[in-house]
Amino acid sequence: MAGDPGFWDVAGNWPLPFVTAVLAVPMAGIIWFICQLRYKQQIATLKDRVELADERLGDAKEKIVKAEEEKTALHTTVKELNAQIEKLKKRKAQLPRELQSIVDRLATSFATASNQVSKLSEAQEAVAAAVSKHRDESHEGRAGH
């Protein structure tokens, strides 16, 4: 293989491509290493962002759960208040009947009381007449003696 040129012979004939090839391999390694570092940094940054997003999502879920609990509590309170309103409406509807019943009882009581007052007045008049008659009789009896 005497006619085959050696590596250095080729390199001497084409120095620029040789130098470029010799420098390109380490440069490619350096570029690859730098890209790997940047890639790893971006992955780390994205992982941090994902963790932060997960934390925020967890916080948001907790807030949603609390809001749902508060909503349920408010809904229960609203139901209770509506039930109380219905009871009060029924009570309000019954009040005129109850008031009429009270008025009727009062009217009956007043009528009874008025009757008793009339009877008492008649009795007082009868007592007054009896007393007056007794006085008259006792004055006549003294006068005749």
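Rules behind the numbers
Residues numbered from 1 in each chain as written. Predicted model: local features only at pLDDT ≥ 70, side-chain atom pairs only at ≥ 80, totals over all residues. Heavy atoms only, no water. Helix = DSSP H or I, 4+ residues; strand = E, 2+ residues; numbered from the N terminus. Buried < 20%, exposed > 50% of the residue type's maximum accessible area, 1.4 Å probe, protein only. Areas by Shrake-Rupley, 256 points an atom, 1.4 Å probe, with all protein chains shown as cover. Salt bridge = Lys/Arg side-chain N within 4 Å of Asp/Glu carboxyl O. Patch = residues over 30% accessible without salt bridge, like charges linked within 9 Å, V, L, I, M, F, W, Y side chains within 5 Å. Lys, Arg positive; Asp, Glu negative; His and termini not counted. Charge placed at Lys NZ, Arg CZ, Asp CG, Glu CD.

J.: So, the overall build of the protein: which residues are in play, and what are the values?
T.: On a plain count of helices and strands, the protein comes out with 2 helices and 0 strands. Within the span of the protein, comprising 145 residues, buried residues form 1% of the whole. When the accessible area of the protein is evaluated, it comes to approximately 13,500 Å², of which 63% is carbon and sulfur surface.

J.: Quick one: what's the story with the pattern of salt bridges, residue by residue and with numbers?
T.: Across all of its chains, the model carries 2 salt bridges by this definition. A salt bridge links Lys89 to Glu86, with the nearest nitrogen and oxygen atoms 3.9 Å apart. Here Glu86 and Lys89 lie together in helix α2 (residues 15–143), a separation of 3 residues that amounts to about one turn. We classify Glu86 as partly exposed; its relative accessible area is 42%. Two residues, Arg91 and Glu98, come together in a salt bridge whose shortest N-O distance is 2.6 Å. By relative accessible area, Arg91 is classed as partly exposed at 40%.

J.: Before we move on, can you summarise a negative patch on the surface with the specific residues and values?
T.: On the surface, a cluster of negative charge is made up of Asp48, Glu51, Asp54, Glu55, Asp59 and Glu62. Within the secondary structure layout, Glu62 lies in helix α2.

J.: Provide a residue-level description of a nonpolar patch on the surface, including the pertinent values.
T.: On the surface, Val19, Leu23, Met27, Ile30, Ile31, Trp32, Phe33, Ile34 and Leu37 cluster together to form a nonpolar patch covering roughly 900 Å² of accessible area. Within the fold, Trp32 resides in helix α2. You can call Trp32 exposed: its relative accessible area is 54%.

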